[in-house]
Amino acid sequence: MSKTLHHGLLILRLLSEHPGGLTVADIAEHIGVHRTVAHRLVRTLEAHQLCRRDHRRRIVLGTGLVTLAEPVEQDLRTLARPLLDELAEATRATVHLMVREGTRDMRALMVVEPRGARVHVSFRPGQTHSIEQGSAGLALLAAGPPRDGERPEVTEARAQGFAVTEGEVIPAVIGVSAAVPTRRGDATTSIGVSVFERDGAEELGRTVAATAARLGELLG
C-alpha cells in the first residue's frame, strides 16, 4: 500500500467530515504526520482541485471532486432518481438508495428529501454503516440464502419482502427498506425510507418493495 496515497485519501475523508474546513496543523494532527508532510499533501491535492483554501485560509474540499463523482453509478442514479422522487412525495419521508460496499458495509448513494414536509430525517449521501445494522443492510442479507445465526429480523424480512429496523443507524428513526432484485439474484442495492413512527410500517414496506421491483425491472 502506498503510504503517500493513503494519507492523501485520509485527508479527503477528513475534510468531508469537517465541512467548515481545517488548518494544515489540524490535518497533520488528525492523520499523524509532520506539518511539512501535511503541507505537501495539501498542495498536491490543491493542484488537482481536490481541495482548496477558503476565505479564512482553511482547507476545504475542492470542486474537482464533483467531476470525479459524477460518473459513479451514473446509470443507476439516472434510472433511480424519478422513482425516488415519486416515493419521497408519496410517503412524505426521506428516501435513500443504498449500495453494498465490500462485504461488510452499506453506503448511501442517493438521498432524496420530500418537498414541503414539516419534519423529515436528513443525512448526507456517502455515509456508511455496517450491513448488519439498519434496514438497508438487512434487506440485502434477506435477499440472499439463509445463514446460520442470522438475525431474526433478516428471516422476517425474507418472508415479507422488506426489512424494518428502529434506531439502528439514526436514534429513534424507523428504517424500512427492500432489496432491488436482479436477474443474477445477487442483490447489491436497496431502496428505503426513514420515518419517525412505526405505525403503518407494513403498508410502507409494500410500497418500498414495489418501488424497488420497478427499479429492478428498469435495470434489467
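Check the entry above for the structure.
Here's the deal with the overall build of the chain
Within the chain, the secondary structure is distributed over 8 helices and 8 strands. For the chain, the spread of C-alpha atoms along the principal axes amounts to about 55 × 45 × 35 Å. Looking at the chain as a whole, 41% of its 220 residues qualify as buried. At a minimum sequence separation of 6, the contacts of the chain that also span at least 24 residues come to 51%. Counting every atom, the chain has about 12,600 Å² of accessible surface; 52% of that belongs to carbon and sulfur. On the chain, the mean spot of the 27 positive side-chain charges and the mean spot of the 27 negative ones are 9 Å from each other.

Topic: unusual backbone geometry
Positioned with a positive phi, Arg 92 is a non-glycine residue whose angle comes to about 55°. Looking at the element boundaries, Arg 92 is found in the loop between α5 (74-91) and β3 (94-101). Accessibility expressed as a relative area gives 39% for Arg 92, which makes it partly exposed. Backbone geometry at Ala 172 places phi at a positive 70°, although glycine is not the residue there. Relative to the helices and strands, Ala 172 resides in the loop between β6 (163-166) and β7 (174-179). On the basis of relative accessibility, which here comes to 55%, the residue Ala 172 falls in the exposed class.

A closer look at the pairing of strand β8 (residues 189-195)
Regular strands show a simple pattern: their side chains alternate between the two faces of the sheet. Of all 7 residues making up β8, 7 are buried, and the element is well covered by its neighbours. Residues of β8 alternate between two faces, with Thr 189, Ile 191, Val 193 and Val 195 on one and Ser 190, Gly 192 and Ser 194 on the opposite face, all of them buried. Bridging between β3 and β8 involves 6 bridges; their strand directions are antiparallel. Bridge pairing links Thr 94 to Ser 194 in β8. The pairing of β7 with β8 spans 6 bridges and is classified as antiparallel. Each residue of the ladder has a partner; that of Ile 174, found in β8, is Val 195.

Observations regarding helix α1 (residues 3-17)
Relative to the 21 Å expected for 15 residues at 1.5 Å per residue, α1 spans 21 Å between its end C-alpha atoms, a close match to the ideal helical length. Here the buried face of α1 lies against α2 (24-31), α3 (35-47), β1 (51-53), β2 (59-61) and α4 (64-69).

The rules behind each value
Residues numbered from 1 in each chain as written. Predicted model: local features only at pLDDT ≥ 70, side-chain atom pairs only at ≥ 80, totals over all residues. Heavy atoms only, no water. Helix = DSSP H or I, 4+ residues; strand = E, 2+ residues; numbered from the N terminus. Buried < 20%, exposed > 50% of the residue type's maximum accessible area, 1.4 Å probe, protein only. Contact = heavy atoms within 4.5 Å. Areas by Shrake-Rupley, 256 points an atom, 1.4 Å probe, with all protein chains shown as cover. Lys, Arg positive; Asp, Glu negative; His and termini not counted. Charge placed at Lys NZ, Arg CZ, Asp CG, Glu CD. Pairing = 2+ DSSP bridges. Expected span 1.5 Å × (residues − 1).

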